[in-house]
Amino acid sequence: MATKQLVTKVWIAPGCIVCDACETTAPEVFHVQEQTCVIRPEALTPDFTKPRSELIVEAAQECPVDVIKFETIEVDAAEAPAPAPAAAPAAAPVMAMAADVPAAAPKAVSAVAAAAAAPAVSTDPAIAAMLKATTARGGKSGHLGGDAAPAVKALRSRKIDELPPDARYPKVLEAAKETLSEPKVTRRATVGAAAVGWAAFAGANALGGLALQRFMFPNVLEEPDPKVRIGEVSKFAEMAVGQVNEEYKSKGIWIVRLEGEIAALSTTCTHLGCIPNWLEAERKFKCPCHGSGFMQSGINFEGPAPRPLERFQISVEDGVVVVNRAKKFQQEKGEWTNPDSFISV
Ligand code: FES
């Protein structure tokens, strides 16, 4: 009897580098956010995943960091549901990229379009998927800004040879940038060092043409200051106890007014990194991905999240509240008693 493996459950393990490859392959299942990829809510049921088993398995094979996990069951092939047709990936941002390219480089723009249309050249499925994602969807794999996933930031401390393919180019960029900022290096030596870096990168990845150009000019190259000045302390002291300020959610921060203190909560769900929503009527943060719920204080009370939201360091400098996203405090480690984790009011 012929049998077939059907995916009944799919999830994302920690370590996603937000490269876009999975969403390009199966956009109806995967949704790449700023911090991590998540499973779309409709794809949390076996009825939805079974007809998309092949796409999910393909996405898992293409994932450069192997964070796509799934469970399968074996069924009689005759009883297996017909495979769902692959959905078209999001429109290629070729026009947006064209606007970014100087007028003096019209050939480069048309080459971008050609690269987007061309099949991936690498035989490595991960590299091919990365190339496809970058050209088809303007992949985010070069994003190293303040909102980058911790896994992406962690790559910066590793040697180029140890990095997954998609992470090599920002590392090379970073090395070249450091060389350029070294005052005792001559211009010729600097340009030469940068050229060696580029050449090594190009050789290592075997990615040609404008796809490589796209890789070399990722969306964000600078690490923004982790400190955010969010306003006069009086503004937050006047908040009612139990109130949540969402003005800085785009920077990954909720300001919560608790009894006798003000705290800055991280907006990253401690399950798999989605961004929950504050539901005022229900007085809770609710994660849209797998249903975790957190009280206004950040304490988890429902769903799969294993621990409370984290708090950022918060202080007052010259009457202004400053949140330092580089320093976090975890409740389960007893760190919320640290005076740097709240402001007394
Ligand atoms: Fe799974 Fe939030 S990421 S519940």
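Fair warning: this is a prediction, and the values are worked out from it, not measured in the lab. (Residues numbered from 1 in each chain as written. Predicted model: local features only at pLDDT ≥ 70, side-chain atom pairs only at ≥ 80, totals over all residues. Heavy atoms only, no water.)

## Some thoughts on the overall build of the protein chain
A count of helices and strands for the protein chain gives 11 helices and 15 strands. Burial analysis of the protein chain (345 residues in total) assigns 46% to the buried set. Pairs at least 24 apart in sequence give 61% of the contacts found in the protein chain among residues at least 6 apart. If you sum the accessible surface of the protein chain, you get close to 16,700 Å²; carbon and sulfur atoms cover 57% of it. (Helix = DSSP H or I, 4+ residues; strand = E, 2+ residues; numbered from the N terminus. Buried < 20%, exposed > 50% of the residue type's maximum accessible area, 1.4 Å probe, protein only. Contact = heavy atoms within 4.5 Å. Areas by Shrake-Rupley, 256 points an atom, 1.4 Å probe, with all protein chains shown as cover.)

## Some remarks on the state of the cysteines
Counted according to the given criterion, the structure contains one disulfide. With a sulfur-sulfur separation of 1.9 Å, Cys274 is cross-linked through a disulfide to Cys289. Every disulfide takes its handedness from the sign of the S-S torsion; for Cys274 and Cys289 that torsion is -95°, giving left-handed. Of this pair, Cys274 sits in the loop between β8 (261-266) and β9 (277-279) while Cys289 is found in the loop between β10 (284-286) and β11 (293-294), placing the two residues 15 residues apart along the sequence. (Disulfide = S-S within 2.5 Å.)

## Observations regarding the confidence of the model for the protein chain
For the protein chain, mean pLDDT is 76; residues scoring 70 or higher make up 65% of the total. Here residues 141-147 scores under 50 on pLDDT; set against residues more than four positions off or in separate chains, the count is 32 contacts. Within the model, pLDDT remains below 50 along residues 206-212, and this stretch shows 15 contacts once partners closer than five positions in the same chain are excluded. (pLDDT = per-residue confidence, 0-100.)

## Description of the pattern of salt bridges
Throughout the structure, instances matching the rule amount to 12 salt bridges. With a closest N to O distance of 3.9 Å, Glu54 and Lys4 form a salt bridge. Of this pair, Glu54 sits in helix α3 (residues 53-62) while Lys4 sits in strand β1 (residues 3-12), and the two are 50 residues apart along the sequence. As a salt-bridge pair, Lys284 and Glu302 come within 2.9 Å of each other at their nearest N and O atoms. Highlighted residues: Lys284 in strand β10 and Glu302 in strand β12 (residues 300-302), separated in sequence by 18 residues. It is possible to trace a salt-bridge network through shared partners that takes in Glu282, Lys284, Lys286 and Glu302. (Salt bridge = Lys/Arg side-chain N within 4 Å of Asp/Glu carboxyl O.)

## Considerations on unusual backbone geometry
The backbone phi angle of Val18 is positive, close to 45°, even though this residue is not glycine. Relative to the elements of secondary structure, Val18 occurs in the loop between β1 and α1 (21-25). Taking relative accessible area as the criterion, Val18 reaches 3% and is therefore assigned buried. Residues other than glycine seldom take positive phi values, yet Asp20 does so here, at roughly 80°.

## Observations concerning the sheet that holds β9
In spatial order, the strands read β9-β10-β11-β12; together these four strands make up an open sheet with antiparallel pairing. Each having just a single partner strand, β9 and β12 make up the two edges of the open sheet. Strand direction decides the pairing type here: β10 and β11, joined by two bridges, are antiparallel. Within β11, the position partnered with Phe285 by the bridge is Phe294. (Pairing = 2+ DSSP bridges.)

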